[in-house]
Every structure is written in C-alpha cells, then in structure tokens.
Amino acid sequence: MMSVDNDVLRLLADPLRARIVSLLAGEALCTCHLVEETGARQTNISNHLRALREAGLVDTEPCGRFTYYRLRPEALDGLAVQLTRLAEAARLANLEQRKRPCT
C-alpha cells in the first residue's frame, strides 16, 4: 500500500490554511493582504503561516517593514505525484473489479 505525506495533508486539511495556500499560489502576499482576503485575525494568519513555513511549503521575503510569503510549488510536487499514483492504483483496481473475498 502506498503512503501519502500525512503531515502535509493534515496541514492542508485546515480550511484557512488551504485558503492561504490557494491565495499564495497566485502571488506573493504579506500578512495584511491575507487578513484582508480571509477576514481572519492577524495572529491566526501568522500562526498558520508559521506552520506552513516550518513544513517547507512557503518561503519568506523581507520587504521593508513587511514580510511577503510565497508558495513553494516544488514542496507540493511530491504530494501531487503521490496522490496521482494513488488515483491510478484506484482506477486500476476499479477497472479490474478487484475486491478481497470475505471469510
């Protein structure tokens, strides 16, 4: 059985973190932009960004008194490959109508 990166999936399962990642996929943003876009509190956004940064999903870029956050696509590439392989295995199992017999 294949293993998927559960840590990254757990991070992305949070709706606010998923929204942050989605926003960062389009452009680099600072915390104030993310607060404006999501309506979440600054401390909440900062906590989520810290978790995403620690997981290697986002990079930071200082710009004056602000810090911009940028999504690292290569960090998602491995997860995408794992999920694609999982989907392919399921397609094959469904096509072959594989099922374990009950005893």
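Higher on the page you've got the structure.
All of these numbers come straight from a predicted model, not from anything done at the bench. (Residues numbered from 1 in each chain as written. Predicted model: local features only at pLDDT ≥ 70, side-chain atom pairs only at ≥ 80, totals over all residues. Heavy atoms only, no water.)

A.B. asks: What's the story with the overall build of the protein in this structure? I'm lost.
C.D. replies: Scanning the protein from N- to C-terminus turns up five helices and three strands. For the protein, the succession of helices and strands along the chain, N to C, is α-α-β-α-α-β-β-α. Here the protein has a C-alpha radius of gyration of 18 Å; the compact-globule value for 103 residues is 13 Å, and the former is much larger. Its C-alpha atoms give the protein principal-axis dimensions of roughly 65 × 25 × 20 Å. Across the 103 residues of the protein, 26% fall into the buried class. Once local pairs closer than 6 in sequence are excluded, the contacts in the protein between residues at least 24 apart make up 51%. Within the structure as shown, the protein displays about 7,400 Å² of accessible surface, and the carbon and sulfur contribution to it stands at 50%. Once the 14 positive and 13 negative side-chain charges of the protein are each reduced to a mean point, those two points are 6 Å apart. (Helix = DSSP H or I, 4+ residues; strand = E, 2+ residues; numbered from the N terminus. Rg over C-alpha atoms; globule rule 2.2 N^0.38 Å. Buried < 20%, exposed > 50% of the residue type's maximum accessible area, 1.4 Å probe, protein only. Contact = heavy atoms within 4.5 Å. Areas by Shrake-Rupley, 256 points an atom, 1.4 Å probe, with all protein chains shown as cover. Lys, Arg positive; Asp, Glu negative; His and termini not counted. Charge placed at Lys NZ, Arg CZ, Asp CG, Glu CD.)

A.B. asks: Where do I start with the sheet that holds strand E3 (residues 66–71) in this structure?
C.D. replies: The strand order across the open sheet formed by three strands is E1-E3-E2, and the pairing between neighbours is antiparallel. Unpaired on one side and paired on the other, strand E1 (29–30) and strand E2 (58–63) mark the two borders of the sheet. Of the strand pairs in this sheet, E1 and E3 are connected by two bridges, and their pairing is antiparallel. Paired with Cys 30 across the two strands is Tyr 68, which belongs to E3. Packing of helix H4 (residues 42–54) onto the sheet brings it into contact with E2 and E3, and relative to E2 it is tilted by some 120°. (Pairing = 2+ DSSP bridges. Axes fitted to C-alpha atoms, helices over the stretch in contact; angles between N-to-C directions.)

A.B. asks: Explain the pairing of E3 to me, please; I cannot follow it from the model alone.
C.D. replies: Each regular strand shows side chains that alternate between the opposite faces of the sheet. As paired strands, E2 and E3 are joined by six bridges and run antiparallel to one another. Each residue of the ladder has a partner; that of Pro 62, found in E3, is Thr 67. Adjacent in sequence and paired antiparallel, E2 and E3 are bridged by two residues, among which Gly 64 carries a positive phi angle near 65°.

A.B. asks: Honestly, helix H2 (residues 15–26) in this entry has me stumped. Any pointers?
C.D. replies: In an α-helix, one turn spans 3.6 residues; hence positions three or four apart end up facing the same way. Taking 1.5 Å per residue, twelve residues should reach 16 Å; H2 reaches 17 Å between its end C-alpha atoms and fits that length. Within the sequence span of H2, burial applies to Leu 16, Arg 17, Ile 20, Val 21, Leu 23 and Leu 24. All buried residues of H2 project into a common sector of 165° when viewed along the axis, lining one side. Facing away from the buried surface of H2 by more than 90 degrees, the exposed residues are Pro 15, Ala 25 and Gly 26. At its buried positions, H2 is contacted by helix H1 (6–13), E1, helix H3 (31–38), H4, E2 and E3. (Expected span 1.5 Å × (residues − 1). Arc of directions from axis to C-beta.)

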